[in-house]
Amino acid sequence: MTRQTVTLGRLFDIRVGVHVSWLVVYALVTYALARGLEMLPAGQAYLFGGVCALALFASVVAHEFAHALVARRFGVRTSAITLFLFGGVATLDEEPPTPRAEAWIALAGPALSALLAVAAFGLMALVERTVPGRSGIALGLLGAYLALANGVLAVFNLVPAYPMDGGRVLRALLWHLRRDRLSATAISARIAIGFALALVAAGVLCAMATRNAIYAWYVVLGVFLLRQGWTEERATHAPAPGGESGVPAAA
Ligand SMILES: [Zn+2]
């Protein structure tokens, strides 16, 4: 994820970049939201969709920074935060030192997303009462979108499919119980493979039953998770990867 990644800048001494595939997300979010706002002139609808897509970008970056800054507290550096087709990734320079550190680092992202969802919801309620007219409606819609997006970020990332956040919490628990990081990783990765296969199967069945192309997305996501789980599982058999630098931390 290097050559097609554009560096936007550095924050807290961490490189923030965007992979070209994020542009697909940006365009899709803008388009889908603008299509849903048929009551507005097209220009305004697309402008609003674009602003919401930027807000989603900021939400994902904030989620990743929560991981990175908590990791720093445990002495683990993060070299980069990158946004791509399936969300964001914080690349930690090394594995967390203890199961406790792993769990805190993994939980930090969803916890911040949940907080942001609640804050956006509160802001939405406040704006609807205090700001009159169309700007009040627009701000209220933006707040609703932010609340929904951050809520989804919090919940979806807690799915126990390693190396997603929920899978990392599971690995931390197994690591703590078994006192062995490698076997905890192997078990978590196998659970993730099972989850990914179920997601692919559900996506295919739903797509066939409803003839709705949206379910193809679940298949694509499932294949991505399958590949990740498979790579992690394989890595537990191999000797420590010499050339590999950086541990991709949860989306
Ligand atoms: Zn996360």
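Quick summary incoming for the structure in this document.

Calculation criteria
- Residues numbered from 1 in each chain as written.
- Predicted model: local features only at pLDDT ≥ 70, side-chain atom pairs only at ≥ 80, totals over all residues.
- Heavy atoms only, no water.
- Helix = DSSP H or I, 4+ residues; strand = E, 2+ residues; numbered from the N terminus.
- Rg over C-alpha atoms; globule rule 2.2 N^0.38 Å.
- Buried < 20%, exposed > 50% of the residue type's maximum accessible area, 1.4 Å probe, protein only.
- Contact = heavy atoms within 4.5 Å.
- Areas by Shrake-Rupley, 256 points an atom, 1.4 Å probe, with all protein chains shown as cover.
- Lys, Arg positive; Asp, Glu negative; His and termini not counted.
- Charge placed at Lys NZ, Arg CZ, Asp CG, Glu CD.
- 1 Å grid on protein atoms, 1.4 Å probe; cavity = no way out; pocket = protein on both sides within 12 Å on 5 of 7 lines; lining within 4 Å.
- Points joined across faces, edges and corners; volume = space filled by probe spheres on them.
- Nonpolar A, V, L, I, M, F, W, Y, C, P; charged D, E, K, R; others polar.
- Phe/Tyr/Trp six-rings, centres within 6.5 Å; stacked < 30°, edge-to-face > 60°.
- Lys NZ or Arg CZ within 6 Å of the ring centre and 35° of its normal.
- Patch = residues over 30% accessible without salt bridge, like charges linked within 9 Å, V, L, I, M, F, W, Y side chains within 5 Å.
- Salt bridge = Lys/Arg side-chain N within 4 Å of Asp/Glu carboxyl O.
- Pairing = 2+ DSSP bridges.
- Expected span 1.5 Å × (residues − 1).
- Axes fitted to C-alpha atoms, helices over the stretch in contact; angles between N-to-C directions.
- Parallel < 35°, antiparallel > 145°, perpendicular 65-115°, else oblique.
- Left-handed = near helix turned anticlockwise from the far one by under 90°.

1. Details of the overall build of the protein chain
So, step 1. Helix and strand content of the protein chain: seven helices and five strands.
So, step 2. In the protein chain, the order of α-helices and β-strands from amino to carboxyl end is β-β-α-α-β-β-α-α-α-α-α-β.
So, step 3. Over its C-alpha atoms the protein chain spans a radius of gyration of 19 Å, differing by no more than 12% from the 18 Å that the globule rule assigns to 251 residues.
So, step 4. Looking at the protein chain residue by residue over its 251 residues, the buried ones come to 43%.
So, step 5. For the protein chain, contacts bridging at least 24 residues in sequence account for 65% of all contacts bridging at least 6.
So, step 6. Surface summary for the protein chain: the accessible area is close to 13,600 Å², and the carbon and sulfur share equals 69%.
So, step 7. Positive and negative side-chain charges of the protein chain, numbering 19 and 13 respectively, have mean locations separated by a distance of 2 Å.

2. Brief notes about the environment of Val29
So, step 1. Inspection of the secondary structure assignment puts Val29 in helix H1 (residues 20-35).
So, step 2. Separated by 22 residues in the primary sequence, Val29 and Val51 place their C-alpha atoms 10.0 Å from one another.
So, step 3. If near-sequence neighbours (up to four positions away) are discounted, Val29 is found in contact with Ala53, Leu56 and Tyr145.

3. Notes on the layout of surface pockets
So, step 1. A volume near 1,000 Å³ is recorded for the second largest pocket.
So, step 2. Lining the second largest pocket are 28 residues, and of these Val25, Val29, Leu56, Val152 and Trp217 lie nearest its centre.
So, step 3. Taken together, the elements giving at least two residues each to the lining of the second largest pocket come down to H1, helix H2 (42-73), strand S4 (87-92), helix H4 (133-157) and helix H7 (216-235).
So, step 4. Along the lines of polarity and charge, the residues of the lining of the second largest pocket split into 23 nonpolar, four polar and one charged.

4. Here's the deal with the packing of aromatic side chains
So, step 1. In this structure the tally under the stated criterion is seven aromatic pairs.
So, step 2. Considering the side-chain rings of Phe84 and Phe86, the 6.0 Å spacing of their centres and the 70° angle between planes classify their relative orientation as edge-to-face.
So, step 3. Every member of this aromatic cluster is reached through a ring pair, and the members are Phe84, Phe86, Trp217 and Phe224.
So, step 4. Across from the ring centre of Trp175, 5.9 Å away, lies the NZ or CZ of Arg181, which sits over that ring.

5. Some details on a nonpolar patch on the surface
So, step 1. A cluster of nonpolar residues, Leu148, Val152 and Phe156, forms a patch on the protein surface that exposes about 280 Å² of accessible area.
So, step 2. Tracing the backbone through its elements, the reader meets Val152 in helix H4.

6. Overview of the pairing of S4
So, step 1. Of all the six residues making up S4, six are buried; the element is thus mostly covered by neighbouring parts of the structure.
So, step 2. Note that strand S3 (residues 78-84) and S4 share six bridges and pair antiparallel. Bridge pairing links Ile81 to Ala90 in S4.
So, step 3. Connecting the antiparallel pair S3 and S4 is a turn made up of two residues.

7. Things to note about H2
So, step 1. Between its terminal C-alpha atoms H2 stretches 47 Å, which fits the 46 Å expected from 32 residues at 1.5 Å a residue.
So, step 2. Of the residues flanking the end of H2, it is Gly75, one or two places downstream, whose phi is positive at about 80°.

8. Details of the environment of Pro110
So, step 1. Tracing the sequence through the fold places Pro110 in helix H3 (residues 99-130).
So, step 2. Separated by 45 residues in sequence, Pro110 and Val155 place their C-alpha atoms 7.1 Å apart.

9. Points about the packing of H3 against helix H5 (residues 165-178)
So, step 1. It is the contact of H3 with H5, at a shortest axis distance of 8 Å, that shows an interaxial angle of 160°. For the element pair H3 / H5, the angle class is roughly antiparallel. Between H3 and H5 lies a crossing of left-handed hand. Here Pro99, Glu102, Ala103, Ala106, Leu107 and Pro110 of H3 lie close against H5, whose contacting residues are Asp165, Arg168, Val169, Arg171, Ala172, Trp175 and His176.
So, step 2. Here the residues of the contact of H3 with H5 sort into eight nonpolar, one polar and four charged.

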